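# Architecture at a glance
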Amino acid sequence: MGRRLLFLGPPGAGKGTQAEMLARTLGVPHISTGAMLRDNVERGTELGMKAQAIMAAGDLVPDDLVVAMVKDRLGQDDAACGFLLDGFPRNVGQARALDEALGAGALELALLVEADEEELVARLLQRAIEEGREDDNEQTIRNRLQVYRDETEPLVGYYPDNGVIVVAVDGMGTVDEVFSRIVKALATN
Ligand code: B4P
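What comes next is a walk through the structure. Along each chain, residue indices are assigned from 1 in the same order as the chain's sequence is written. Where local features are concerned, this predicted model is filtered to residues with pLDDT of at least 70; where side-chain atom pairs are given and counted, the filter is 80 or more; whole-chain, interface and lining totals use all residues. As a rule here, side-chain values cover all heavy atoms of the structure and leave hydrogens and water aside.

### With respect to the nonpolar core
Nonpolar cores were defined as sets of buried Ala, Val, Leu, Ile, Met, Phe, Trp, Tyr and Cys residues, with membership established by side-chain atoms within 4.5 Å. Per-residue accessibility, obtained with a 1.4 Å probe over protein chains only, is compared with the maximum for each type, and a residue is labelled buried under 20%, exposed over 50%, and partly exposed between these values. Counting residues in hydrophobic clusters, the biggest one holds 30 residues, and the most contacted among them are Leu 6, Leu 85, Leu 98 and Tyr 159. Working definition: helices are DSSP H or I runs of at least four residues, strands are E runs of at least two. Numbering for both runs from the N terminus. When contributions to this core are tallied by element, the ones reaching two or more residues are strand E1 (4-8), helix H2 (33-43), helix H3 (46-57), helix H4 (63-74), strand E3 (83-86), helix H5 (92-102), strand E4 (109-114) and helix H8 (155-161). A per-element tally of this core places H4 first, with six residues. When sequence neighbours within four positions are dropped, the list of residues in contact with Leu 98 reads Leu 6, Leu 74, Leu 85, Phe 88, Pro 89, Leu 107 and Tyr 159. Note on definitions: a residue-residue contact is assigned when non-hydrogen atoms from the two residues lie within 4.5 Å.

Here you go:
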C-alpha cells in the first residue's frame, strides 16, 4: 500500500509544486482539486461553467461539486494504492466528507507547508507574470489568503482531533530546500 497523504497550506506556500514532485517520488497520483477545476473550466464542462467566476474571485467552489469530483477521482484504479491530495479538503465540511468516503484511519498524515505572507503574495504575483492565471491578481490573492485563514486553517486543529498527525514544514527558501525538508519529515513520520 502506498502512502495516503494530504497537503495543507496557504495559497503560494508551494503545495502544488511540492505535491507534484513528491507524488512522482512516491509513485502515487497527485490529486489537485485546483488543477482539476481549471481543467473543467478550460474544457467548458458544466462543472467548469459553475466554477469559473467563483475561482476568479478567489472563493471556494461549493462543497457538493468539489466532493463529488474528488470521490470520483479517488474511485479510479490508480488511487487504490495511495494518493497525494493537494488543495482538498479546504474546509471542515470537505474534511468530514473525505473521512466518510475513505473510512476511519485511511489518511496517514497531513503536511502543512507555510511561508510568510509577503512571500506568498510575491510568489503568486510572479506566477501571474509567468502563467497569467486569472486568480493571481493582488485583490484576489488577498481574498484567497483570507478564505484560507477563515475556512482552511481550522483543519490544522481538526486533523489531530481526528487521529491524523499534521507535520509542519517550513516553505521558505528554494523549491529544493523545501522538498528536502518534506522528504526528511516523511522519513520520520
Ligand atoms: P489551487 O489550485 O489549490 O491554488 P492555490 O491555493 O493558490 O495554490 P497553488 O498550489 O496553486 O500554489 P503553490 O502554493 O503551489 O486553487 C485555486 C482555486 O480553485 C481556489 O482559489 C478555489 O477557488 C478553487 N478550489 C481548489 N480546490 C478547492 C476545494 N477543495 N474546494 C473549493 N474550491 C477549490 O505555488 C504558488 C507559486 O509559487 C507557483 O508559481 C510556484 O512556482 C511558486 N513557488 C513554489 N515554491 C516556491 C519556492 N520555494 N520559491 C519560490 N517560488 C515558489
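Next, the rest of the story.
### Brief notes about the pattern of salt bridges
Any two side chains of opposite charge can pair, on the condition that their charged atoms come close. Salt bridge, as applied in this entry: a Lys or Arg side-chain nitrogen positioned within 4 Å of an Asp or Glu carboxyl oxygen. Using the criterion set out here, one finds 14 salt bridges in the structure. The salt bridge involving Arg 142 is made with Glu 117; its shortest N-O contact spans 3.1 Å. One end of the pair, Arg 142, is in helix H7 (residues 138-152); the other, Glu 117, is in helix H6 (residues 117-131), and 25 residues separate them in sequence. For Glu 117, a relative accessible area of 35% puts it in the partly exposed group. A single network of salt bridges, built from pairs that share partners, joins Arg 127, Arg 133, Asp 135, Asp 136 and Arg 144.

### Looking at H3
Looking only at H3, the buried set comprises Leu 47, Gly 48, Ala 51 and Met 55. Down the axis of H3, the smallest arc covering the buried residues is 80°, so these residues share one side. Exposed residues pointing more than 90 degrees away from the buried face of H3 are listed as Glu 46, Met 49 and Ala 53. For H3, the secondary structure elements touched by its buried residues are H2, H4 and H7. By definition, the arc is the one covered by directions from the helix axis to the C-beta atoms.

### Remarks on the sheet that holds strand E2 (residues 30-32)
Pairing between strands is defined by DSSP: at least two bridges between them are needed. Here five strands make up an open sheet; going across it, the order is E2-E3-E1-E4-E5 and the pairing parallel. Strands with a single pairing partner mark the edges of an open sheet, and in this sheet they are E2 and strand E5 (165-170). Between one strand and the next, the sheet's axes are offset by a mean angle of 25°, whatever the strand orientation. Of the strand pairs in this sheet, E2 and E3 are connected by three bridges, and their pairing is parallel. Each residue of the ladder has a partner; that of Ser 32, found in E3, is Asp 86. To define axes, lines are fitted to C-alpha atoms, for helices over the stretch in contact only, and angles between the resulting N-to-C directions are given on a 0 to 180 degree scale.

### Considerations on the pairing of E4
Burial runs high along E4: five of the six residues are buried. Pairing geometry for E1 and E4, over four bridges, is parallel. Bridge pairing in E4 places Leu 8 opposite Leu 112. In this sheet, E5 lies alongside E4 in parallel orientation, the contact comprising six bridges. Bridged to Leu 112 within E5 is Ala 168.

### Description of the packing of aromatic side chains
Working definition: a ring pair exists when centres of Phe, Tyr or Trp rings (six-membered ring for Trp) sit within 6.5 Å. Plane angles under 30 degrees give stacked, over 60 give edge-to-face, the rest tilted. Across all of its chains, the model carries one aromatic pair by this definition. Between the aromatic rings of Tyr 158 and Tyr 159, the centroid separation amounts to 5.1 Å while the plane-to-plane angle is 85°, which identifies the pairing as edge-to-face. Here Tyr 158 and Tyr 159 have matching classes, each one buried.

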